[in-house]
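# Structural overview
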Amino acid sequence: MIRSFLTALGGLVLATAAWADDEVTTFTLDNGMDVVVIEDHRAPVVVHMLWYRAGSADETPGRSGVAHYLEHLLFKGTDTLDPGEFSATVARNGGSDNAFTSFDYTAYFQRVAADRLGLMMQMEADRMVNLRLLDEDIATERNVILEERNQRVENDPAALMREQLRAALYLNHPYGRPIIGWRHEMETLDRTAALDFYEEFYAPNNAILIVAGDVTPDEVRTLAEEHYGPLPANPDLAPRARVSEPPQLAERRLTFEDPRVAQPYVTRSYLAPERDPGDQETAAALTLLAELLGGGQTSVLTQALQFESQVAVYSGAFYRGTSLDDTSFGLVVVPSAEITLQEAETALDAEIARFLETGVDAEQLDRIKMQFRASTIYARDNVQSLARRYGAGLASGLTVEDIQAWPDILQAVTEDDIMAAARMVFDRNNAVTAWLTPPMLEVTQ
Amino acid sequence: MRILLGLIAALALAAPVRAAVEIQEVTSPGGIDAWLVEERSIPFVALELRFEGGTSLDQPGKRGAINLMAALLEEGAGDLSAQEFTARREGLAASFDYDAYSDAISVSAQFLTENRDEAVALLRSSLIAPRFDEDAIERVRAQVLASLRQDEKDPDTIANRAFMASAFGDHPYGSSGDGTVETVTALTRDDIVAAHQGTMTRDKLFVSAVGDIDAEALGTLLDTLLGDLPETGFDAPPPATYALQGGQTVIPFDTPQSVAVFGHEGLDRDDPDFITAYVVNEIMGAGSFESRLMNEVREQRGLTYGIYSYLAARDLAAMVMGRVASSNQTMAEAVDVIRAEWAKIAEQGITAQELEDAKTFLTGSYPLRFDGNGPIANILVGMQMDGLSTDYVNDRNGMVDAITLEEANRVAARLYDPEALHFVIVGQPEGLMDEASN
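Residues numbered from 1 in each chain as written. Chains lettered and ligands numbered in written order. Predicted model: local features only at pLDDT ≥ 70, side-chain atom pairs only at ≥ 80, totals over all residues. Heavy atoms only, no water.

### A word on the overall build of chain B
Short version of the rule: Secondary structure counts use DSSP, requiring at least four H or I residues in a row for a helix and at least two E residues in a row for a strand, with both numbered from the N terminus. Atoms counted for the radius of gyration: C-alpha only. Globule rule: 2.2 Å times the number of residues to the power 0.38. Residue exposure (1.4 Å probe, protein chains only): buried if accessible area is under 20% of the type maximum, exposed if over 50%, otherwise partly exposed. By definition in these notes, contact holds between two residues if any of their heavy atoms fall within 4.5 Å. Note on areas: Shrake-Rupley with a 1.4 Å probe; residue coverage comes only from the protein chains shown.
In terms of regular secondary structure, chain B is built from 16 helices and twelve strands. Against the 2.2 N^0.38 benchmark of 22 Å for 438 residues, chain B shows a C-alpha radius of gyration of 23 Å, consistent with a compact globule. Referenced to the eigenvectors of the C-alpha coordinate spread, the extents of chain B come out at roughly 60 × 50 × 40 Å. Classification of the 438 residues of chain B by burial places 61% in the buried group. Here the analysis covers contacts within chain B between residues at least 6 apart in sequence; of these, 82% occur between residues at least 24 apart. By element, 49% of the accessible surface of chain B is carried by carbon and sulfur atoms, the whole surface being about 16000 Å².

### Quick word on the overall build of chain A
Put simply, the rule is: His is not counted, nor are the chain ends; Lys and Arg add positive charge and Asp and Glu add negative charge. Think of each charge as sitting on NZ of Lys, CZ of Arg, CG of Asp or CD of Glu.
On a plain count of helices and strands, chain A comes out with 16 helices and eleven strands. Over its C-alpha trace chain A gives a radius of gyration of 23 Å, about what one expects of a compact globule, namely 22 Å for 445 residues. Judged by the C-alpha coordinates and their principal axes, chain A covers about 65 × 50 × 40 Å. Taking all 445 residues of chain A together, 62% fall into the buried category. In chain A, once contacts between residues fewer than 6 apart in sequence are set aside, the share between residues at least 24 apart is 83%. Within chain A, one finds 36 positive and 69 negative side-chain charges whose respective centroids are separated by 3 Å.

### What about the interface of chain A and chain B?
Defined as follows: Accessible area, probed at 1.4 Å, shrinks when two parts are joined; the buried area is that loss added up over both. Salt bridges are identified by distance alone: a Lys or Arg side-chain nitrogen within 4 Å of an Asp or Glu carboxyl oxygen.
Opposite the 60 residues of chain A that make contact, chain B presents 78 residues. Here chain A packs against chain B, burying approximately 6000 Å² in sum over the two surfaces, 52% of which is carbon and sulfur. On the chain A side of the interface with chain B, the three residues burying the most area are A:Arg42, A:Gln151 and A:Tyr378, jointly 11% of the side's total. In this structure, the salt-bridge partner of B:Asp357 is A:Arg92, at a minimum N-O distance of 3.8 Å.

### Remarks on the packing of aromatic side chains
As a reminder of what qualifies: The criterion for an aromatic pair is that two Phe, Tyr or Trp rings (for Trp, the six-membered ring) have centres within 6.5 Å, with stacked assigned to planes under 30 degrees apart, edge-to-face to planes over 60 apart and tilted to the rest. Either the NZ atom of lysine or the CZ atom of arginine qualifies as a charge over a ring when it sits within 6 Å of the ring centre and within 35 degrees of the ring normal.
One pass over the structure, following the stated rule, counts 24 aromatic pairs over all chains. Plain terms: the ring middles of B:Phe168 and B:Tyr242 are 5.8 Å apart, the flat faces sit at 80° to each other, and that makes the pair edge-to-face. With B:Phe168 in helix H6 (residues 155–168) and B:Tyr242 in the loop between helix H9 (215–226) and strand E7 (247–252), the pair connects residues that are 74 residues apart, well separated along the chain. Comparing B:Phe168 with B:Tyr242 shows no difference in burial state: the two are buried. Three or more aromatic residues joined by ring pairs make a cluster, and in this case those are A:Tyr52, A:Phe75, A:Phe86, A:Tyr108, A:Tyr198 and A:Tyr202. The residue whose ring lies beneath B:Arg314 is B:Tyr173, and the NZ or CZ to ring-centre distance is 4.0 Å.

### Observations regarding the domain arrangement of chain B
All names here are of chain B. Here is the rule: Start and end points for every domain follow an automatic or database-based domain assignment. Throughout this entry, Asp, Glu, Lys and Arg are counted as charged residues, while Ala, Val, Leu, Ile, Met, Phe, Trp, Tyr, Cys and Pro are counted as nonpolar. The remaining residues, Gly among them, count as polar.
Each domain of chain B was delimited in the assignment, giving domain 1 (15–226) and domain 2 (247–427). In this structure, domain 1 and domain 2 have C-alpha centres spaced 28 Å apart. Contact with domain 1, which involves 38 residues of that partner, is made by 38 residues of domain 2. Carbon and sulfur atoms make up 72% of the area that domain 1 and domain 2 hide from each other, which totals about 3600 Å². Linking Asp156 and Arg323 is a salt bridge whose minimum nitrogen-to-oxygen distance equals 2.8 Å. Only strand E2 (33–38), strand E3 (44–52), strand E5 (104–112), H6 and strand E6 (205–211) provide two or more residues apiece to the side of domain 1 that touches domain 2. Looking at the side of domain 1 that touches domain 2, the element that brings in the most residues is H6, giving nine residues. Residue classes in the side of domain 1 that touches domain 2 are distributed as 22 nonpolar, seven polar and nine charged.

### Quick notes on the environment of A:Ser87
You can see A:Ser87 is positioned in helix H3 (residues 85–92). For A:Ser87 and A:Asp97, which are ten residues apart along the polypeptide, the C-alpha to C-alpha distance reads 6.5 Å.

### Some points on the sheet that holds strand E4 (residues 95–100) of chain B
Residue and element names in this part refer to chain B. The line we're drawing: What makes two strands pair is DSSP finding at least two bridges between them. Only the stretch in contact is used when fitting a helix axis, every axis being a line fitted to C-alpha atoms; angles between N-to-C directions are given from 0 to 180 degrees.
Strand order in the open sheet made by the six strands is E1-E2-E6-E3-E5-E4, with mixed pairing throughout. Every other strand in the sheet has two partners, leaving strand E1 (24–27) and E4 as the edge strands with one partner each. On average, each strand axis in the sheet is inclined to that of its neighbour by 15°, with strand direction left out of account. Across nine bridges, the pairing between E3 and E5 is antiparallel. Following the sheet pairing, Ala46 is matched in E5 by Gln110.

### A look at a negative patch on the surface
Residue and element names in this part refer to chain A. Note the threshold: Patches in this entry comprise residues that are over 30% relatively accessible and not in a salt bridge; like charges within 9 Å are linked, as are nonpolar side chains (Val, Leu, Ile, Met, Phe, Trp, Tyr) within 5 Å.
Residues Asp279, Glu281, Asp361, Glu363, Asp366, Glu415, Asp416 and Asp417 make up a contiguous surface patch of negative charge. Elements with a minimum of two residues in the negative patch: helix H13 (362–378) and helix H16 (415–425). For Glu281, the location among the structural elements is in helix H10 (residues 281–294).

### Topic: the side chain of B:Arg89
Residue and element names in this part refer to chain B. As for its placement among the helices and strands, Arg89 is situated in helix H3 (residues 82–92). The buried charged residue Arg89 lacks any salt bridge partner; its closest oppositely charged side chain belongs to Glu90, at an N-O distance of 4.6 Å. Excluding residues that lie within four positions of it along the chain, Arg89 makes contacts with Ala94, Ser95, Phe96 and Leu122.

### Section: the nonpolar core
What counts is decided by this rule: For the purposes of this section, nonpolar cores are sets of buried Ala, Val, Leu, Ile, Met, Phe, Trp, Tyr and Cys residues that join through side-chain atoms within 4.5 Å.
Judged by nonpolar contacts, the single largest core of 78 residues is most densely connected at A:Met128, A:Tyr202, A:Leu209, A:Val220 and A:Tyr228. Top element by residues in this core is helix H6 (residues 157–169) of chain A. It accounts for seven residues. Every residue in contact with A:Val220, bar those within four places of it in the chain, is listed here: A:Phe27, A:Val35, A:Val37, A:Leu117, A:Met121, A:Val211 and A:Val215. If you look at the next biggest cluster of nonpolar residues, it comprises 71 residues, including B:Ala93, B:Phe370, B:Ala377 and B:Ala408.

### Observations regarding the pattern of salt bridges
All names here are of chain A. Per the counting criterion, the structure on display carries 52 salt bridges over all chains. Of the charged contacts, one joins Asp115 and Arg116 as a salt bridge, the two residues approaching to 2.9 Å between their closest N and O atoms. The partner of Glu187 in a salt bridge is Arg183, and the shortest N-O contact between them spans 3.8 Å. Under the relative-accessibility criterion, Glu187 is labelled partly exposed at 43%. Taking the relative accessible area as the measure of exposure, Arg183 reaches 27% and is therefore partly exposed. Sharing partners across several salt bridges, the network here consists of Glu251, Arg253, Arg268, Glu345, Asp349 and Arg428.

### Remarks on the pairing of strand E7 (residues 252–257) of chain A
Residue and element names in this part refer to chain A. The two faces of E7 differ: Arg252, Leu254 and Phe256 on one face are buried, but Arg253, Thr255 and Glu257 on the other face are not. When E7 meets strand E11 (residues 431–437), the two strands line up parallel, connected through six bridges. Counterpart to Thr255 in the pairing with E11 is Trp435.

The following block contains the structure:
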């Protein structure tokens with residue numbers, strides 16, 4: 001199996017779930033800030049992460065990309081820190097720092113020696129409330145995010161196609177807008193747009209602090225109360241109520257043509273339910289469904305389309321349940337050299353239909369559950385990815401209890417649950433099918 | 001994400017260790033050497049194997065054979081078909097990754113204590129008795145060919161391959177280890193068997209293990225796993241001669257953002273100046289916001305999302321390389337800025353403050369890399385391949401701290417040569433065309 005080819009398709013990552021409950025402690029500061037501590041005393045290192053429950057789906061229409069733009073601007077200085085001084089200070093302490101933005105959250109993190117945790121909190125708390133933006137920094141950083149869009153999207157036809165697909169999948173919900181923003185709106189982002197977002201969402205009662213590594217919960221509590229405790233809550237913070245999807249009544253299809261496409265493929269995304277507080281069973285069934293259908297060499301699609309027939313050079317299924325609102329369930333087939341996209345799509349549909357008839361292979365399901373069980377052991381080796389799972393879960397509306405219950409919910413999923421979830425999700429009225437191809441006239445298929 | 005790192009981590013200096021990591025040097029009863037760190041708190045083992053040589057050992061006319069062979073190791077072994085092999089591995093919840101790089105084949109395995117013997121037996125069959133069934137060869141060959149076709153339309157890959165082809169010509173370093181559509185199409189099962197026998201041999205082997213196992217058990221494991229490998233295989237090719245002169249090459253490609261790969265010859269890993277060069281490059285272009293290239297090209301001018309330079313000290317040639325992407329309208333300005341920075345650091349060196357900050361960062365971040373069984377195993381096997389001893393763990397920070405400003409500036413002048421700097425630019429960069437400086 002060729003790994004580089006898989007990564008070239010991008011984003012086909014399967015969710016795994018794992019943690020050790022007994023090493024996790026949670027509490028809430030008086031100003032409403034949630035705190036999670038994950039202990040790992042093997043190395044004298046901590047990861048300090050601050051998550052805001054604010055992402056691209058929380059943006060005002062017309063200002064797409066502002067959540068991510070603000071993320072960049074948070075490195076541009078405060079009343080007491082010069083532009084760049086935040087990262088320079090982290091580096092001078094032997095640490096590294098970065099940040100990321102998604103649909104439902106924006107997060108900032110540093111990896112640093114455990115005895116520098118207080119300094120990280122001091123600086124992170126500072127830029128939660130004291131951001132200072134200069135005109136020249138605003139303009140230069142807008143060019144940087146446009147170059148970032150060039151690199152991630154404009155230079156990659158598959159990424160351009162995925163944008164069009166998402167925009168078609170969500171008729172009404174802001175998940176249809178790209179996180180990085182539409183270029184024409186990014187070009188108009190300014191200080192006002194950034195500061196409006198900052199003032200609305202950056203506050204302790206909209207934040208989650210995660211500290212993972214060589215610390216105790218008591219140490220974290222003391223430092224958090226000292227640095228974050230004095231920050232005032234935002235009394236005007238509104239509940240996260242977003243517009244929802246209307247009933248979707250018609251299948252959508254698109255063909256994205258680009259001369260830079262060397263390897264055509266077909267992909268389909270179905271609107272799908274996400275993990276909800278106290279209600280994760282359907283999402284768990286869909287998680288296992290994705291593994292059964294497309295989770296590797298022994299999966300249903302791979303077996304049918306790559307082993308029994310040679311229709312495809314790659315096939316897969318993917319589902320990410322951690323999301324505040326409706327998420328998607330995806331399928332992809334990369335056809336072999338002599339196979340057309342239509343033939344590949346027909347073979348895919350035939351295989352889904354056959355699966356709905358024949359049901360789950362019990363041995364395959366056992367193996368998948370065994371791997372999920374084992375992932376709770378392997379996951380303890382990477383405390384930063386554990387921290388990210390808690391952060392993403394909490395910022396997507398789940399509780400700590402939900403996150404900790406998830407492994408058991410996965411194990412409890414039955415074959416009937418999976419088939420019921422499959423029959424529910426595979427509704428073409430809720431789906432967009434996309435073909436990625438070089439200009440059709442030039443295709444010799 | 002604010003910065004995209006990627007290449008950088010993989011190419012960084014083989015990393016040092018915090019004093020708390022106790023490395024045991026183990027020799028199995030059958031004579032296989034390994035480095036071990038016992039870490040009993042999580043019941044699994046991370047095992048890293050490297051076979052020195054990698055795809056550079058491809059035989060004449062067989063480019064891509066070793067890459068295809070490595071991709072086939074998990075596609076059936078012993079009496080198990082490809083799917084039976086995968087089903088067995090999944091049932092054990094073990095992970096095995098096989099990759100072919102230009103200087104090494106890497107095998108990364110993680111397996112649980114509760115079924116270690118079964119996992120090792122399964123891994124062994126893939127290393128010693130891979131089947132290379134014809135149907136598996138055709139299936140994986142089709143994947144490789146699809147990947148090669150994609151590469152032809154990817155600006156980064158186009159730039160990298162053009163740079164290496166110009167620099168190294170017919171030497172294996174001058175072409176991709178993945179091969180070409182022509183060479184991969186022509187490979188036979190015999191070629192793949194020969195690639196296996198010629199590369200995965202005892203004399204090319206390096207091993208590290210981290211996790212829930214002691215030295216004695218590891219020794220037994222290694223003899224079981226690796227004892228039946230052939231003793232020797234293909235000879236290494238000679239060192240590669242760098243033939244590219246200063247200037248720039250533009251490869252037209254219709255895309256909005258140009259991609260540039262740039263560089264020239266560098267310092268070998270065993271050069272006495274290597275660690276000083278590493279520190280100087282940290283200041284020049286290691287990819288953090290403190291580096292000169294990032295500051296000048298991104299922070300001051302907004303010409304890119306990311307830029308970095310790195311020391312590519314490979315087994316058969318050494319280079320200092322970099323990468324930047326910028327809109328077609330602004331690439332020319334980015335190239336000018338990079339050339340100016342290249343000349344500036346060579347002529348004027350670095351400042352005492354920059355050296356101090358780089359030392360603080362490098363020595364302070366030193367223990368942070370050792371934060372998991374998998375990462376530690378990876379670092380330990382890399383140190384062995386670089387010819388370092390376990391003492392390096394304790395000596396490394398002292399070596400960094402001992403560098404003087406005078407030494408750093410001498411090495412900066414030695415390392416960076418603005419006359420030799422060559423850019424390969426893929427895109428439609430406005431105002432740039434092919435140039436040679438001599």
